[in-house]
Amino acid sequence: MIGYDAATAASFAPWDAADAAVGRVVRVDRGVASVLTEQGPVRASWGAPVLQRVAHDPTEAPCAGDWCVVRTWPDHRVTVEHVLPRRTAVVRSTAGKAAEGQVVCANVDLVGVVVALHPLPAESRIERLLAMAWQSGARPVLLLTKADLVADGDEVADDVRRLAPDVEVIQVSSRTGLGLDRVRELVDGHATLALVGTSGHGKSSLTNALVGAEVLPTREIRDDGRGRHTSVRRELVLLPGGGAVIDTPGLRSLGMFEAEEGIAHTFADIDALAARCRFDDCAHRSEPGCQVLAALADGTLPQRRWESYVQLTKETAAMAARRHVRRQRKRKDRG
Ligand SMILES: Nc1nc2c(ncn2[C@@H]2O[C@H](COP(=O)(O)OP(=O)(O)OP(=O)(O)O)[C@@H](O)[C@H]2O)c(=O)[nH]1
Ligand SMILES: [Zn+2]
């Protein structure tokens, strides 16, 4: 099974039993997971231990890419009993004030941030996606899709590279096949690549192009009158050359959850500047010897990028504060 390694095998070992199997979650619909096991695909609902954990922490709910222990009961029901520890996870915060984390996918090696070249979204949106990708613990790559629609793809790609230090930026087209070989090379026959991004930027089309078959419905197919919910939709698909792609549902709201490290990676240039400020606790407002202010003044750090950094940092801190309050309240409720 794709991505099944020694660490996963070791974490399954204590649960190994005649009625238990290890499998990888392919997709989840309303509390039922499609799980790929050595014996084939199964549909499994949440078992009691999973229900209990999810009640305390919604991020413990199984999601695409998870390794889990499934149990087959005497009446042939199958349940997910445990989610094995995640190596990596893409997490966002749910919409609204609740400030809960929602795991988008797990155990991926690469996070492809999918951004269409046409129309290109705001730079701050790309930075936000990158912070989320870095935070996952997996390696981000930036996939600029729909390259066939623009004539100046190289220039735009160079601009985008400035937003993404240490991230490979690849132009791709599901129409012409541009860039697909490089993406396959990165997957290298064994890795799991997640595609994250806003709806409509071409994640499903790219997945189909990588697979070489229409395994996922794209916008045209969804909009043909049969409605958006097609039962064949899967999220984790195996690639013919080995490896897997997880096509995540388009993210509409992109609230940050925990993202401190992700922000630090995304804005490594700003972190490097701040490290050289005269005062260790420089707030980069008016302090003498502030390297951030100097870079803003001479234009090496664009004002827009700085504001994007400040905004994401604020948002993450506010989210952490709310989470803290809620935990304390829960503790009080339990007495
Ligand atoms: N010209 C061109 N159009 C593309 C390309 N990739 C996707 N599209 C079009 O862009 C639209 C959205 O593509 P999807 O693959 O459905 O986008 P998605 O990101 O999966 O969207 P969600 O599933 O809603 O998250 C469709 O009309 C596609 O035909 C491409 O490489 N070139
Ligand atoms: Zn400073």
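Residues numbered from 1 in each chain as written. Chains lettered and ligands numbered in written order. Predicted model: local features only at pLDDT ≥ 70, side-chain atom pairs only at ≥ 80, totals over all residues.

Q: How would you sum up the overall build of the protein? Please name residues and give values.
A: Helices and strands together make up the secondary structure of the protein, namely 11 helices and 13 strands. Against the globule reference of 20 Å for 335 residues, the protein gives a C-alpha radius of gyration of 21 Å, in line with a compact fold. With the C-alpha coordinates aligned to their principal axes, the bounding extent of the protein is approximately 70 × 60 × 40 Å. Buried positions account for 38% of the 335 residues belonging to the protein. Of all intrachain contacts in the protein linking residues separated by at least 6 positions in sequence, the fraction that spans at least 24 positions is 66%. (Helix = DSSP H or I, 4+ residues; strand = E, 2+ residues; numbered from the N terminus. Rg over C-alpha atoms; globule rule 2.2 N^0.38 Å. Buried ≥ 20, exposed ≤ 12 C-beta atoms within 10 Å, placed from the backbone. Contact = placed C-beta atoms within 7 Å.)

Q: Can you lay out the environment of Gly 242 for me, pointing to particular residues and giving the numbers?
A: As for its position among the elements, Gly 242 is in the loop between strand S12 (236–238) and strand S13 (244–247). Overall, the presence of 13 C-beta atoms within 10 Å leaves Gly 242 in the partly exposed class. Placed 50 residues apart in sequence, Gly 242 and Thr 192 show a C-alpha to C-alpha distance of 9.4 Å. In this structure, Gly 242 is in contact with Gly 189 and His 190, ignoring residues within four places of it in sequence.

Q: Explain the sheet that holds strand S1 (residues 20–29) to me, using residue names and the numbers behind them.
A: By way of backbone hydrogen bonds, the strands of a sheet pair with one another, either parallel or antiparallel. Strand order in the closed barrel formed by 5 strands is S1-S2-S3-S5-S4, with mixed pairing between adjacent strands. Between one strand axis and the next, the sheet turns through 55 degrees on average, direction left out of account. In the sheet, strand S2 (residues 32–37) pairs with strand S3 (residues 40–46) via 6 bridges, with the strands oriented antiparallel. Bridge assignment links Val 32 to a residue of S3, and that residue is Ser 45. (Pairing = 2+ DSSP bridges. Axes fitted to C-alpha atoms, helices over the stretch in contact; angles between N-to-C directions.)

Q: Before we move on, can you summarise the nonpolar core with the specific residues and values?
A: If you look at the biggest cluster of nonpolar residues, it comprises 79 residues, and the most contacted ones within it are Val 113 and Val 196. By residue number, the principal contributor to this core is helix H3 (residues 123–135), which donates 7 residues. Setting aside anything within four residues of it in sequence, one finds Val 113 in contact with Leu 129, Leu 130, Ala 133, Pro 140, Leu 142, Leu 143, Val 196 and Gly 197. (Core = buried A, V, L, I, M, F, W, Y, C linked by C-beta atoms within 7 Å.)

Q: An account of helix H6 (residues 203–211) is requested, with residue identities and associated values reported.
A: Counted residue by residue, H6 has 8 buried out of 9 residues, so it is predominantly covered. Every buried residue of H6 is accounted for by Lys 203, Ser 204, Ser 205, Leu 206, Thr 207, Asn 208, Ala 209 and Leu 210. The elements touched by buried residues of H6 are strand S8 (110–116), strand S9 (139–145), helix H5 (180–187), strand S11 (192–196), S12 and S13. Remark: Gly 212 follows H6 within two positions and exhibits a positive phi of approximately 85 degrees.

Q: Let's hear about the site of ligand 1: which residues, and what values?
A: Residues in contact with ligand 1 amount to 19 residues; listed here are only the nearest, Ser 199, Gly 202, Ser 204, Ser 205 and Gly 250. With 3 residues, the single largest contributor to the shell around ligand 1 is H6. In terms of residue class, the shell around ligand 1 is made up of 2 nonpolar, 11 polar and 6 charged. (Near = placed C-beta within 6 Å. Nonpolar A, V, L, I, M, F, W, Y, C, P; charged D, E, K, R; others polar.)

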